[in-house]
Amino acid sequence: MKTIIEPFRIKMTEPLKVTTREERVAKLIEAHHNVFLLDAEDCALDLLTDSGTGAMSAQQWAAMMIGDESYAGSRSWKRFEAAVRDITGIDHIFPTHQGRAAEGILAECVLKPGDVVPNNSHFDTTRANVEYRGAVALNLPCAEAFDTAAEAPFKGNMDLEGLKRCIAEHGVEKIPFAMITVTNNAGGGQPVSMANVRGVKEILKRHGIPLIIDACRFAENAYFIREREPEFEGRDLLEIAQEMFSYADGATMSCKKDGLANIGGFLVCRDGEWAEHFRNLLILREGFPTYGGLAGRDLEAIAVGLKEALDYDYQVYRHATVEYMASRLLEIGVPMVQPAGGHAIFLDAKKMVPHVPLLQYPGVGIVNALYVEGGIRAVELGTVAFGYIDETGQEHPAPLELVRMAFPRRVYTQSHFDYMIEAIVAVWRQRDRIGGHRITYQAKQLRHFTCHMEPIG
Ligand code: F0G
């Protein structure tokens, strides 16, 4: 059989509200032209994020029913700990309420002002946590990452020469750890090869710098390694993940992605001294070390979900959905990051609307047009999210202007994707009519979540 089917059937449904175009125009004005400020029920298909928006399996719901809500040393903690240890092989395990809490604890315990943290690309919360400590979040993506049309298999890789230069320039004592984000969300959901992880580790080991993996989409990355790196052809995804973590001295994780859960995260490390610091701060910020900001039932859902994410048939189906949409849009000529990433389609806004200046946020024009056209909520990952304002107040555009349509896990069916394709094609055909936006209110950090905007002209 050629058709790849969803490896599950649907047991529970949730209604979608389809609004009219006029209603959507009015809702967008009320939301200050920022789709983060829309009510979710006004978005027919919500592709804002793949984070915490997935559907859990019957096995996860069943496990939640036996959640042990004891404050200390619960059975659910034991199951969570066993699952995380089996996958990562790392001893010290700290549950957190989500990924950014793990990043926050790591940054607060280890970083000091003036430090430098190299990463293939920091996600926005990772960057904010590093910068909040007065340290510098340095992105070192490989050269292919900037060419959205280049068909390279591992565009999430870190630039190894750049890493060497960074260490030579700043010195080991300024780099308490380096990170590698799998898959590289900020760079188009692109995978990192095992060869690159090994290369990064080799360089860091020579200087005694610990490697921290931002593991949010570790299972999707393992799938790409199996499919694209000949050495790993046909290998079990769990084994691939285990090898990847074997090079890490620690990891931060948002279980809202490849934990297939609606909330949760963890921080892990090998070093006993770090663990001591993490434990103390965890108790202060998150909770006792055996629940860390999560209910026992959440720990159960994650313990099951982490393993389900490593199921090969699930990953085949997941990637087939992304491929399905990407291949149809490419046929029509819609510019996007190629090859498609693991959890999302990333439209290339710079190429879609080249007439919109970068500081008028081309991605926002497309995001808002998609909402008006089809009630679809996507997200700008361009200058509003990743641009920066220097000391003189001058705004600098981000290197890429992307519009991400992230796929919640196990939520939408093929007809939903067909509808999305129709809406994107309609926007593409009217692209000449898409204009720029200006920001009328913004916060100092993570401005894209709350800023207000208005169309120019
Ligand atoms: N690292 C990466 C690579 C991420 O994509 C995210 C979240 C985080 C860390 C933080 O995890 O949300 O649990 O605190 N990404 C979501 C997204 C929000 O939409 O891509 P969190």
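From a predicted model like this one, the values you see are computed outputs, not experimental measurements. (Residues numbered from 1 in each chain as written. Predicted model: local features only at pLDDT ≥ 70, side-chain atom pairs only at ≥ 80, totals over all residues. Heavy atoms only, no water.)

1. Topic: the nonpolar core
Let me state the cut-off plainly: We call a set of buried Ala, Val, Leu, Ile, Met, Phe, Trp, Tyr and Cys residues a nonpolar core when their side-chain atoms join them within 4.5 Å. Working definition: with a 1.4 Å probe on protein chains only, accessible area under 20% of the residue-type maximum means buried, over 50% means exposed, and in between means partly exposed. The source of the domain bounds is an automatic or database domain assignment. Note on contacts: a residue pair is in contact if any heavy atoms of the two residues lie within 4.5 Å.
Counting 61 residues, the largest nonpolar core has Ile213, Phe218 and Leu306 as its most contacted members. Taken domain by domain, the makeup of this core includes at least three residues from each of domain 1 (21-50 + 311-455) and domain 2 (58-308). When neighbours within four sequence positions are excluded, phenylalanine 218 is seen to be in contact with Ile87, Val182, Ala241, Met244, Phe245, Met253, Asp258, Leu306 and Leu310. Residues Ala344, Phe346, Ala406 and Phe407 belong to the second largest nonpolar core, which totals 52 residues.

2. Things to note about empty space enclosed by the protein
Note the cut-off: Using protein atoms alone on a 1 Å grid, points that fit a 1.4 Å probe yet trap it form a cavity, whereas open point sets bounded by protein on both sides within 12 Å along at least five of seven lines form a pocket; residues with an atom within 4 Å of a point count as lining. Grid points are joined across faces, edges and corners, and a volume is the space filled by probe spheres set on the points. Under the scheme used here, helices are H or I runs from DSSP no shorter than 4 residues and strands are E runs no shorter than 2 residues, and both carry numbers assigned from the N terminus. Gly falls in the polar group here, along with every residue not listed as nonpolar (Ala, Val, Leu, Ile, Met, Phe, Trp, Tyr, Cys, Pro) or charged (Asp, Glu, Lys, Arg).
Counted according to the given criterion, the structure contains four cavities of 30 Å³ or more. What lines the largest cavity is His33, Asn34, Val35, Phe36, Val364, Val367, Asn368, Val379, Glu380, Val384, His448 and Met453. Broken down by secondary-structure element, the contributors of at least two residues to the lining of the largest cavity are α14 (362-374) and β11 (379-381). The element that contributes the greatest number of residues to the lining of the largest cavity is α14, accounting for three residues. Considering only residue class, the lining of the largest cavity consists of seven nonpolar, four polar and one charged. Estimates place the volume of the second largest cavity at around 60 Å³. Taken together, Tyr314, Tyr317, Arg318, Thr321, Phe407, Pro408, Arg409, Arg410, Val411, Tyr412 and Phe417 make up the lining of the second largest cavity. Its residues placed into classes, the lining of the second largest cavity shows seven nonpolar, one polar and three charged.

3. Considerations on the site of the ligand
Selection rule: Near residues are defined by distance, with any heavy atom within 4 Å of the molecule or strand qualifying the residue. By the criterion applied in these results, polar contacts are pairs of N or O atoms within 3.5 Å in which, for protein atoms, one can donate a hydrogen and the other can accept it, and in which residues neighboring in sequence qualify only through two side-chain atoms. Methods summary: accessible areas were calculated by the Shrake-Rupley approach with a probe of 1.4 Å, and residue burial reflects only the protein chains presented.
Contacts to the ligand come from 17 residues, most closely from Thr49, Arg100, Ser254, Lys257 and Arg404. With respect to the ligand, the side chain of lysine 257 contributes an N or O atom lying 2.9 Å from a nitrogen atom. Here the ligand has 470 Å² of accessible area as a free molecule, and 95% of this is covered by the chains. Taken together, the residues of the shell around the ligand break down into two nonpolar, eight polar and seven charged.

4. Overview of the environment of histidine 416
Here histidine 416 is to be found in helix α16 (residues 414-429). What histidine 416 contacts, discounting residues up to four positions off in sequence, is Leu16 and Leu45. Of note is the side chain of histidine 416, whose polar atom sits 3.0 Å from the backbone nitrogen of threonine 413.

5. Details of the sheet that holds strand β8 (residues 265-269)
Worth spelling out the cut-off: In this description, strands pair whenever DSSP reports at least two bridges between them. Axis lines are fitted through C-alpha atoms, for helices just across the contact stretch, and the angle between N-to-C directions can take any value from 0 to 180 degrees.
Ordered in space as β2-β8-β7-β6-β5, the five strands form an open sheet in which the pairing is mixed. Two strands bound the open sheet, and with one partner strand each, they are β2 (92-96) and β5 (178-181). Direction aside, neighbouring strands of the sheet carry axes that sit 15° apart on average. In terms of strand pairing, strand β7 (residues 250-254) meets β8 through five bridges, oriented antiparallel. Looking across to β8, one finds that methionine 253 is bridged to phenylalanine 266. Along the sheet, helix α3 (residues 75-88) makes contact with β2 and β8, crossing β2 at roughly 120°.

6. Quick word on helix α10 (residues 272-285)
Condition: Take the number of residues in a helix, subtract one, and multiply by 1.5 Å to get its expected span. Comment: arc refers to directions from the helix axis out to C-beta atoms.
For α10, built from 14 residues, the straight-helix expectation of 20 Å at 1.5 Å per residue is met to within 8% by its first-to-last C-alpha distance of 20 Å. Trp274, Ala275, Phe278, Leu281 and Leu282 are the residues of α10 that are buried. Relative to the axis of α10, the buried residues are bounded by an arc of 140° and lie together on one face. Across from the buried face of α10, at angles greater than 90 degrees, the exposed residues are Glu273 and Leu284. Turning to α10, the residues buried within the fold contact β2, α4 (99-110), β6 (211-214) and β8. Two or three places before glutamate 273, at the start of α10, stands the capping residue aspartate 271, its side-chain oxygen 3.0 Å from that residue's backbone nitrogen. Glycine 287 sits one or two positions beyond α10 and adopts a positive phi of about 155°.

7. A closer look at the domain arrangement of the protein chain
Cut-off, in case you're wondering: Buried area, as used here, totals the accessible surface that two parts lose on assembly, with accessibility defined by a 1.4 Å probe and the loss added over both. Any Lys or Arg side-chain nitrogen located within 4 Å of an Asp or Glu carboxyl oxygen qualifies as a salt bridge.
When the domains of the protein chain are assigned, the result is domain 1 (21-50 + 311-455) and domain 2 (58-308). For domain 1 and domain 2, the distance between their C-alpha centroids amounts to 26 Å. With 30 residues of domain 1 at the interface, the matching set in domain 2 holds 34 residues. Here domain 1 and domain 2 share an interface that buries about 2,800 Å² over both sides, 54% of which is from carbon and sulfur atoms. The tally of links between domain 1 and domain 2 comes to five salt bridges.

8. Here's the deal with the pairing of strand β4 (residues 136-139)
For clarity, the threshold we go by: Note on handedness: a crossover is taken as right-handed if, strands pointing away from the viewer, the path from the first strand over the helix to the second is clockwise.
Relative to β4, strand β3 (residues 116-119) runs parallel, the two sharing four bridges. From the neighbouring strand, valine 116 faces β4, where its bridge partner is valine 136. A crossover connection joins β3 to the parallel β4 through helix α5 (residues 124-132); in handedness this β-α-β unit is right-handed.

9. Overview of the pattern of salt bridges
If charged atoms from side chains of opposite charge come close, those side chains can pair. Evaluated as defined, the whole model comprises 31 salt bridges. Notably, a salt bridge pairs arginine 409 with aspartate 258, separated by 3.3 Å at the nearest N-O pair. Placement of the pair is arginine 409 in the loop between β14 (402-406) and α16 and aspartate 258 in the loop between β7 and β8, with a sequence separation of 151 residues. Taken as a pair, arginine 409 and aspartate 258 share a single burial class, namely buried. A cluster of three or more residues bridged by salt bridges with shared partners is formed by Asp50, Arg217, Glu220, Asp258, Arg318 and Arg409.

10. Let's talk about the layout of surface pockets
If a probe as big as a water molecule is rolled over the atoms, it shows which places are left empty. In this structure, the largest pocket encloses a volume near 1,400 Å³. Together, 40 residues line the largest pocket, and Met12, Ala55, Met56, Arg410 and Val411 are the ones closest to its centre. Top element by residues in the lining of the largest pocket is helix α2 (residues 58-65). It accounts for three residues. When its residues are assigned to classes, the lining of the largest pocket shows 19 nonpolar, 10 polar and 11 charged. Both domains that furnish three or more residues to the lining of the largest pocket are identified here as domain 1 (21-50 + 311-455) and domain 2 (58-308). The calculated volume of the second largest pocket comes to roughly 870 Å³. In terms of lining, the second largest pocket is formed by 30 residues, of which the most central are Arg127, Ala385, Phe386, Gly387 and Tyr388. Taken together, the residues that form the lining of the second largest pocket break down as 17 nonpolar, eight polar and five charged.

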